[in-house]
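Structure at a glance
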Amino acid sequence: MGARIKTLQQERAGHALKMIREAEKKYDGEERKKFVAYAENAPASILINGLGQAAATLCAQAKGDRNDPHWAVYSALQSWLCRGGRSAPYEPDRDLLTAITEKDRDHYLHAQAEALAYLEWYKKFAVAFLKEPNSKSQQ
């Protein structure tokens, strides 16, 4: 049987799941709650502020701490958008903010659309696997 080709949606989902599993091992308690909140808010931040501003904000909020949950969200985006290959907006092993500032408008718009598509999976997996159920009783 020949090699099976994954769809771009499958690739997004697989990468997002891998990154969420890493966060699952890394964060617990309050840090996990913060991480889920940042993952949930990332798409809205991009829609409101644009990809560059949203990414810069995540970096600023991490304050250089690569263990901070903000950095985990930024790192997942960077890993996906700067992976090279088909449909990737930026070359592999690039710093996302540098890539954003060095490439043209078409690359930026492609990266922003791809970030939003990717973050839908990322957010859903974060909620599915890391978000604690609401402790309030339903009435």
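Report on the accompanying structure. For clarity, every value in this text was computed on a predicted model and none was experimentally measured.

**So, the overall build of the chain**
Helix and strand counts for the chain stand at 6 helices and 0 strands. Counted from the first residue to the last, the chain has its helices and strands arranged as α-α-α-α-α-α. For the chain, the C-alpha radius of gyration of 16 Å lies close to 14 Å, the compact-globule estimate for 139 residues. Summarising its shape, the C-alpha atoms of the chain cover approximately 50 × 45 × 30 Å along the three principal directions. Counting over 139 residues, the chain shows a buried share of 37%. Considering only contacts in the chain between residues 6 or more positions apart, those separated by 24 or more positions represent 65%.

**What about the packing of helix H2 (residues 29–49) against helix H3 (residues 51–62)?**
At a closest axis distance of 7 Å, the pairing of H2 and H3 adopts a crossing angle of 130°. Between H2 and H3, the angle falls in the class oblique. Judged by the twist between their axes, the crossing of H2 over H3 is right-handed. Here Ser 45, Ile 46 and Asn 49 of H2 come into contact with H3, specifically with Leu 51, Gln 53 and Ala 54. A breakdown of the residues in the contact of H2 with H3 according to their chemical character gives 3 nonpolar, 3 polar and no charged.

**Quick look at the pattern of salt bridges**
Per the stated rule, a full pass over the model turns up 8 salt bridges. A salt bridge links Lys 131 to Glu 40, with the shortest nitrogen-to-oxygen separation between them at 3.3 Å. Residue Lys 131 is located in the segment after helix H6 (105–130), and its partner Glu 40 is located in helix H2; the two are separated by 91 residues in the primary sequence. Several salt bridges share partner residues, and in doing so they unite Glu 91, Arg 94, Glu 102 and Lys 103 into one network.

**Here's the deal with the nonpolar core**
Among the nonpolar cores identified, the biggest contains 38 residues, and Phe 35, Leu 77, Leu 81, Tyr 90, Leu 96, Tyr 118 and Tyr 122 are the most heavily contacted of them. Sorting the residues of this core by element identifies helix H1 (8–26), H2, H3, helix H4 (69–81), helix H5 (96–102) and H6 as the ones contributing at least two each. Contact partners of Tyr 90, with chain neighbours within four places excluded, come to Leu 81, Cys 82, Arg 83, Gly 84, Leu 96, Ala 99, Ile 100, Lys 103, His 107, Tyr 108 and Ala 111.

**Topic: the packing of aromatic side chains**
Applying the stated criterion to the full structure yields 7 aromatic pairs. Taken together, a centroid distance of 5.6 Å and an interplanar angle of 20° make the contact between Tyr 27 and Phe 35 stacked. Given the relative accessible area of 4%, Tyr 27 is considered buried. Given the relative accessible area of 0%, Phe 35 is considered buried. Positioned above the aromatic ring of Phe 129 is the side chain of Arg 21, whose terminal nitrogen or guanidinium carbon lies 4.1 Å from the ring centre. For Arg 83, the ring lying beneath its charged end belongs to Trp 80, and the centroid distance is 3.5 Å.

Rules used throughout
- Residues numbered from 1 in each chain as written.
- Predicted model: local features only at pLDDT ≥ 70, side-chain atom pairs only at ≥ 80, totals over all residues.
- Heavy atoms only, no water.
- Helix = DSSP H or I, 4+ residues; strand = E, 2+ residues; numbered from the N terminus.
- Rg over C-alpha atoms; globule rule 2.2 N^0.38 Å.
- Buried < 20%, exposed > 50% of the residue type's maximum accessible area, 1.4 Å probe, protein only.
- Contact = heavy atoms within 4.5 Å.
- Axes fitted to C-alpha atoms, helices over the stretch in contact; angles between N-to-C directions.
- Parallel < 35°, antiparallel > 145°, perpendicular 65-115°, else oblique.
- Left-handed = near helix turned anticlockwise from the far one by under 90°.
- Nonpolar A, V, L, I, M, F, W, Y, C, P; charged D, E, K, R; others polar.
- Salt bridge = Lys/Arg side-chain N within 4 Å of Asp/Glu carboxyl O.
- Core = buried A, V, L, I, M, F, W, Y, C linked by side-chain atoms within 4.5 Å.
- Phe/Tyr/Trp six-rings, centres within 6.5 Å; stacked < 30°, edge-to-face > 60°.
- Lys NZ or Arg CZ within 6 Å of the ring centre and 35° of its normal.

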